[in-house]
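Spelled out from the first residue to the last, the chains are:
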Amino acid sequence: MRLIILVVASVICFPLTGFAQGASVASVIEDLVAANRILAAEGILPGYGHVSVRHPEDPSRYFLSRSLAPELVTIDDIVEFDLDSVPIDPKGFSLFYLERFIHGEIYKARPDVQAVVHNHSPKVISFGIGSTPLRPVFHQAAFFLDGIPVWDYRDFGTAGGVLVDNPERGRGLAVGLADRPVVLMRNHGVVVAASSLPMVVGRSITLEVNAEMQNQALARGDEIIYLEQDEESLGSSFERAWNLWKRRL
Ligand code: MN
């Protein structure tokens, strides 16, 4: 009897090798939907902004929702793009995020990056309008100890406004990001890059929390003690928080 079960199980499992790869894509897409919902719930993607993930089996592709408020994104809304941000299969959708080039061009420039968030979170933007740099004030923000560059759309002319709605601006923004995890976009928003979806979500939330704390201290007129170079970041992968955020959905 056990032998029969074993044989049947082998026959079922063997052809599933290809399916297992499919399952991995499916789980990544599921996580991408979760990332949209989590960032919407946390106020990081309130109607605008987007999050993407690189294809787990083909580094020359990535997944991103069609043009939709992140809170409303479901599995059916996820579209596969090449790194020129052209949909592989538009699935009948005609409207895509105008700023999808942010994602494609960063994936091209940064093989280490597996997930990207672009958002307009207000407290973070406030550091892209003035002279005070956004700096880490608590240990979980250690990921941007090396500083956050500020990218200015004016460097690309103002005819098209602030949006990164073509490949050239996307490339310019990727140059602005360089090898960092975050780039601020003057008078617009921020881009966060990471090696996983949990990390890019955790970093996006942490950035807003840090900006709030720093803003409060600046408003009090405090002399701020910033995090120092030699301090270690705890929970930098954000896996524990990710499991909690997912369960709350
Ligand atoms: Mn934007």
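Further up the page is the structure itself.
Quick look at the structure, then. Predicted, not measured: the structure shown is a model, and the values here were computed from it.

1. Here's the deal with the coordination of the manganese ion
Listed as protein donors to the manganese ion are Glu-99 (OE), His-118 (NE2), His-120 (NE2) and His-188 (NE2); their distances from the metal cover 2.1 to 2.2 Å. Spacing between the donor residues of the manganese ion along their common chain follows E-x18-H-x1-H-x67-H. With a gap of 19 residues between them, Glu-99 in the loop between β3 (78-82) and α3 (101-109) and His-118 in strand β4 (residues 115-119) connect regions that are remote in the sequence. By relative accessible area, Glu-99 is classed as buried at 5%. On the basis of relative accessibility, which here comes to 0%, the residue His-118 falls in the buried class.

2. So, the packing of aromatic side chains
Following the criterion strictly, the structure yields five aromatic pairs and no others. Plain terms: the ring middles of Tyr-62 and Tyr-107 are 5.4 Å apart, the flat faces sit at 40° to each other, and that makes the pair tilted. Placement of the pair is Tyr-62 in strand β2 (residues 61-65) and Tyr-107 in helix α3, with a sequence separation of 45 residues. Tyr-107 shares its class with Tyr-62; the two are buried. Plain terms: the ring middles of Phe-81 and Phe-96 are 5.6 Å apart, the flat faces sit at 85° to each other, and that makes the pair edge-to-face. With Phe-81 in strand β3 and Phe-96 in the loop between β3 and α3, this residue pair connects regions lying 15 residues apart in the sequence. Owing to a relative accessible area of 0%, Phe-81 belongs among the buried residues under this scheme. Using a relative accessible area of 11% as the deciding quantity, one classes Phe-96 as buried.

Cut-off values and rules
- Residues numbered from 1 in each chain as written.
- Predicted model: local features only at pLDDT ≥ 70, side-chain atom pairs only at ≥ 80, totals over all residues.
- Heavy atoms only, no water.
- Donors = N, O, S within 2.8 Å, 3.2 Å for Na, K, Ca; no water.
- Helix = DSSP H or I, 4+ residues; strand = E, 2+ residues; numbered from the N terminus.
- Buried < 20%, exposed > 50% of the residue type's maximum accessible area, 1.4 Å probe, protein only.
- Phe/Tyr/Trp six-rings, centres within 6.5 Å; stacked < 30°, edge-to-face > 60°.

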